Amino acid sequence: MAPTRSRPVLQGPHQGFVNEFIHREQQNRISKGPKSLTATQHAALRKQLQEVRFLKPAWADETKINVARILRKWKIFCRDVVNGPWKAVLEQADRAAAMDFLLHMCETYRIKSWGTSWEYYRQYKQLYASVNGRHIDTNDNKEILKWHDATLVPLFKLRPPNVDGKPVVNSDGVFALLVFNIAYDDGIFASERQRINLLGIYQALAYTGARPGELVDNETPKPSDGSWEDLFASKCSTSSNEDNNHAPHEFQLLDNILARETTDRGRPKALCYEDIRLMVVRHPETGQDMFSMAVKFIHHKGMDNNPKPTIFWFTMTRRLIFNFINVIVCLALCDDAFDAPSLTTVRRVFQIKNVGPVKCTALRWKKEWLKRPVFRVGDEVVRYHKLRDDLKRQSLDMGNEEPITPKAFRRGNANVMNRKAPDAVRDQALRHDPKWATFNSAYINENIEFDTQNAFLDEPTEDALINLFTHVGMTRDPRARRKMVPKQVWESLPPDPEIEALKQRREILKDGRYRYKGQENEEEIRVLSGSIRTKQAQRVSNVEEQYRQYFFYNRPTWDIERQVAGEEELEELEEAWQPEIDLQIPERAELAEAFLFQPEVPTFEDMLESCIHAVDVMFRLCQKRETPRRTRIHKRAQVQPNTTDTTPLDRHIFPLLMLKTQCPRCIGDGRLSYQERTFTYSRPAVMNDHFERAHVTEIRDLEHDKLIFCEHPTCVEEGVKLDDLDHFRNHVQTVHGVWLRPRTSMG
């Protein structure tokens, strides 16, 4: 046998190509398609297809979830009204059953718009067809429509859709929201990265008009009550005599073919790193190397059956607070997502230039990061409901009369493009089909964005004023807050009779339970307590909402009266409401100052330095965590360090022997400010309450793997490792002088 020559080991960057080529060759050798059927199997398949009377449509996953949810409502209807099995009732359902189901829906659920009620009926028609294998008769559809419009709409006072107006956000509103998010928001996040996430999401929504589901995860979970399995376990309906014809197992091919699920995407429906191309491009006119970015949106509405991927381009802006590229660079550095090993600092990233004849240098991502979402909380992608709630809270706290919804950004962007871009470009950016005229029916601003008066009079048009009138920011009042009901109002409100009656009933049951030592009323007491909490929360929400309407309606009258009272009082009022930046995290205060007091940048190099400084502060802010603001911070007798310094704090400024009212866990949390780490509680008992509430669960999780470490800076340097929670308590007491409650005294 001839001797085999050993293959030389390839060194250098080409080794990666060799490994990828070998891997792809191995994958191509594996058959990916289904095995071909024999002639006998084809004959059996044709026989089965003849018996099939209805193939279920290729619905998107969201549509299937909606149909499964309407099935859950149908089961409640059959249980409470018809008193029969849901499938048998649906198979025998006629026009009267559909009308009665619509009436039950309006009675049971909080439906306010006739668009919502009719959408439920459309889902009911899909449910009917999915189960019965046939569609509802056309004449019955017309009669049900008349029943809905002529009876249910006036009976339940259902309003038309969008009758309350369509809020539209312009650039001034976006600027106010971004500033409030960084400089004035007193909301607490688990990590300050969430605040940077919001900064980038607000920018992307405003610049592109994208739906939130294209940036964050908006996938609806499947129902957990079995409705999904009841409907979509099989993808076809056969004739009634199918039970009498049992073909051999080897010929049951149709169900196997139809049951093949689509290949998993391997990524969430959100903006991932593979959707972003960050590059340094040589400007064709100035010759300067500038950062640019392309973002591809693919998870738009209807993408499963009608994909319309759209790419938006971003360039650097002179206003730092509007620069979306800065946010992406910051998040990529936090994730260590750059493929180049040397890109670990902000300055190194922004110092990249094009070399030689190359006009574009792309900054590649690591392959393991391609399918990971950009906007995350820890390891989890940001969910839509979290974005919606944060946006509502911030928009109300910044003084808006009505909360800003994510669709307000989309409407604002669409109306700007409608004025400045052709209709084809506008429809492409919004992923609209031009033949449906979706923009003119649902997105166009209901306020006429044109000075018709001065145009008719042939006078100069007041475009700036008209632009102010037609957007939601006009009525914003910084004095308003989300929770702005005065204490005097709460004290003056009479108790709710329904809540008081429930409380009296609960007290009677408790008294009987204690007197007779019985347990038969435990369940009713629990239900009553839940009802009381629900009604109390609902009343608080109603009071806050109605007082907000009362405030914005009467605020102009109050201001007019103050003006009439005297100019001095008016000036004092204006000075009293000047916002001040009062932040406990130094990096956040520094970023707010960089955004709000940005100096003029006459040259490109100055703009680049401003970006480097802003992204560097943003990067350090992402490593921090903010805690609820203390009413007071106990000052230590020693000289405190300068907390605005960006250098790490020296461990020697944290004495090994702590005060008895200091938390032994918070003192080592580098994400907190110095004042928070050394905070002293009023009593040791209060500190113990905080420790048990904030840290005990975490330490118990680490106890199983014996990974408990003392986080005091001195002990961290020495690597002090502890066995369990009791060992941690003993160490804290003997070394740091802080007594913690033993395990047995905890509830």
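Please read all numbers here as calculations on a predicted model, not as lab measurements.

Draft legend 1. Here's a closer look at the overall build of the protein chain. When its secondary structure is counted, the protein chain shows 30 helices and 10 strands. A burial count over the protein chain gives 40% of its 747 residues as buried. For the protein chain, long-range pairs separated by at least 24 residues make up 71% of all intrachain contacts whose partners lie at least 6 apart in sequence. Total accessible area on the protein chain stands at roughly 44,000 Å², and carbon and sulfur atoms take up 52% of it.

Draft legend 2. How the structure looks around a nonpolar patch on the surface. Residues L465, L468, F469 and M474 make up a contiguous nonpolar surface patch of roughly 360 Å² in combined accessible area. Here F469 lies in helix α19 (residues 463-469). Since its relative accessible area comes to 43%, F469 is described here as partly exposed.

Draft legend 3. Up close: the packing of aromatic side chains. The tally for this structure, following the rule as stated, stands at 26 aromatic pairs. Here the aromatic rings of F101 and Y124 are separated by 5.5 Å at their centres, their planes lie at 40°, and the arrangement is tilted. Taken together, the residues span a long stretch of sequence, with F101 in helix α5 (residues 95-108) and Y124 in helix α6 (residues 114-132) at a distance of 23 residues. A cation sits over an aromatic face here: K64 above F232, 5.6 Å from the ring centre. Between R372 and the ring centre of W369, over which it is positioned, the NZ or CZ distance is 4.4 Å.

Draft legend 4. The arrangement of the packing of helix α24 (residues 586-596) against helix α25 (residues 604-621) in detail. Taken N-terminus to C-terminus, the directions of α24 and α25 make an angle of 155°; their axes are 9 Å apart at the nearest point. For the element pair α24 / α25, the angle class is roughly antiparallel. For the crossing formed where α24 meets α25, the hand is left-handed. Across the interface between the two elements, E587, R588, E590, L591, A594 and F595 from α24 touch H613, A614, V617, M618, R620 and L621 from α25. Its residues assigned to classes, the contact of α24 with α25 comprises seven nonpolar, one polar and four charged.

Draft legend 5. Seen up close, the sheet that holds strand β6 (residues 360-363). Ordered by their spatial adjacency, four strands build an open sheet running β5-β4-β3-β6, and the pairing between neighbours is antiparallel. Single-partner strands in this sheet number two, and they are β5 (310-315) and β6. For this sheet the average axis-to-axis angle between neighbouring strands, irrespective of direction, equals 25°. Where strand β4 (residues 289-297) and β5 come together, six bridges link them in antiparallel fashion. Note that in β5 the partner of M293 across the bridge is F314. Those strands touched by helix α12 (residues 324-335) are β3 (276-282), β4 and β5, and its axis lies near 80° from that of β4.

Draft legend 6. Quick peek at the side chain of R431. For R431, the position within the fold is in the loop between α16 (423-430) and α17 (438-443). Classification of R431 as buried rests on a relative accessible area of 8%.

Draft legend 7. How the structure looks around the confidence of the model for the protein chain. Looking at the protein chain, the pLDDT average stands at 83 and 86% of residues meet or exceed 70. The lowest-confidence element of the protein chain is helix α23 (residues 567-576), averaging 54 in pLDDT; the highest-confidence one is α12, averaging 96. pLDDT under 50 marks residues 239-248. Its contacts with residues more than four places away, or in other chains, come to three contacts. Taken as a whole, residues 631-647 scores under 50 in pLDDT and shows 26 contacts with residues more than four places along the chain or in a different chain.

Draft legend 8. How the structure looks around the environment of E62. With respect to the helices, strands and loops of the structure, E62 is situated in helix α3 (residues 61-82). Look at E62 and you get partly exposed, because its relative accessible area is 27%. Between the C-alpha atoms of E62 and G302, which are 240 residues apart in sequence, the distance is 9.3 Å. Contacts of E62, omitting those with residues within four sequence positions, involve N218, E219 and T220.

Draft legend 9. Region of the structure containing the environment of L343. Examined against the element boundaries, L343 turns out to sit in the loop between α12 and α13 (346-350). Along the primary structure L343 and L333 are separated by 10 residues, whereas in three dimensions their C-alpha atoms are 8.0 Å apart. Setting aside residues no more than four positions away along its own chain, L343 makes contact with L333, F338, R348, V349, I352 and L363.

Draft legend 10. The arrangement of α6 in detail. In this model α6 runs 27 Å from its N-terminal to its C-terminal C-alpha over 19 residues, within 8% of the 27 Å that 1.5 Å per residue would give. If you check which residues of α6 are buried, you get S117, Y121, Q123, Y124, L127, Y128, A129, S130, V131 and N132. Where α6 starts, the residue carrying a side-chain oxygen 3.1 Å from the main-chain nitrogen of G115 turns out to be S113. Phi turns positive one or two residues past the end of α6, at G133, with a value near 75°.

Draft legend 11. Examining the pattern of salt bridges more closely. If you walk through the whole model with that rule in mind, you get 39 salt bridges. For the salt bridge of R383 with D217, the shortest nitrogen-to-oxygen distance reads 2.8 Å. With R383 in the loop between β8 (380-381) and α14 (384-397) and D217 in the loop between α9 (193-208) and α10 (227-232), the pair connects residues that are 166 residues apart, well separated along the chain. Residue R665 pairs with E698 through a salt bridge whose shortest N-O separation is 4.0 Å. Placement of the pair is R665 in the loop between α25 and α26 (674-677) and E698 in helix α28 (residues 696-703), with a sequence separation of 33 residues. With relative accessibility at 3%, the residue R665 sits in the buried group. Judged by relative accessible area, which is 38%, E698 ranks as partly exposed.

Draft legend 12. Seen up close, the environment of K624. The residue K624 is located in the loop between α25 and α26 in this model. Taking the relative accessible area as the measure of exposure, K624 reaches 18% and is therefore buried. Separated by 431 residues in the primary sequence, K624 and R193 have C-alpha atoms spaced 7.9 Å apart. Apart from residues no more than four positions distant in its own chain, K624 is found in contact with S191, E192, I585, E587, G670 and R671. A polar atom in the side chain of K624 sits 3.2 Å from the backbone oxygen of G670.

Draft legend 13. Quick look at α28. If you check which residues of α28 are buried, you get V696, I699 and E703. End-on view of α28: buried residues confined to an arc of 65°, all on one side of the axis.

Draft legend 14. View of unusual backbone geometry. Although it is not a glycine, N83 adopts a positive phi angle of roughly 60°. Mapped onto the fold, N83 is located in the loop between α3 and α4 (86-91). By relative accessible area, N83 is classed as exposed at 68%.

Calculation notes
Residues numbered from 1 in each chain as written. Predicted model: local features only at pLDDT ≥ 70, side-chain atom pairs only at ≥ 80, totals over all residues. Heavy atoms only, no water. Helix = DSSP H or I, 4+ residues; strand = E, 2+ residues; numbered from the N terminus. Buried < 20%, exposed > 50% of the residue type's maximum accessible area, 1.4 Å probe, protein only. Contact = heavy atoms within 4.5 Å. Areas by Shrake-Rupley, 256 points an atom, 1.4 Å probe, with all protein chains shown as cover. Patch = residues over 30% accessible without salt bridge, like charges linked within 9 Å, V, L, I, M, F, W, Y side chains within 5 Å. Salt bridge = Lys/Arg side-chain N within 4 Å of Asp/Glu carboxyl O. Phe/Tyr/Trp six-rings, centres within 6.5 Å; stacked < 30°, edge-to-face > 60°. Lys NZ or Arg CZ within 6 Å of the ring centre and 35° of its normal. Axes fitted to C-alpha atoms, helices over the stretch in contact; angles between N-to-C directions. Parallel < 35°, antiparallel > 145°, perpendicular 65-115°, else oblique. Left-handed = near helix turned anticlockwise from the far one by under 90°. Nonpolar A, V, L, I, M, F, W, Y, C, P; charged D, E, K, R; others polar. Pairing = 2+ DSSP bridges. pLDDT = per-residue confidence, 0-100. Expected span 1.5 Å × (residues − 1). Polar contact = N/O pair within 3.5 Å; in protein donor to acceptor, adjacent residues only side chain to side chain. Arc of directions from axis to C-beta.

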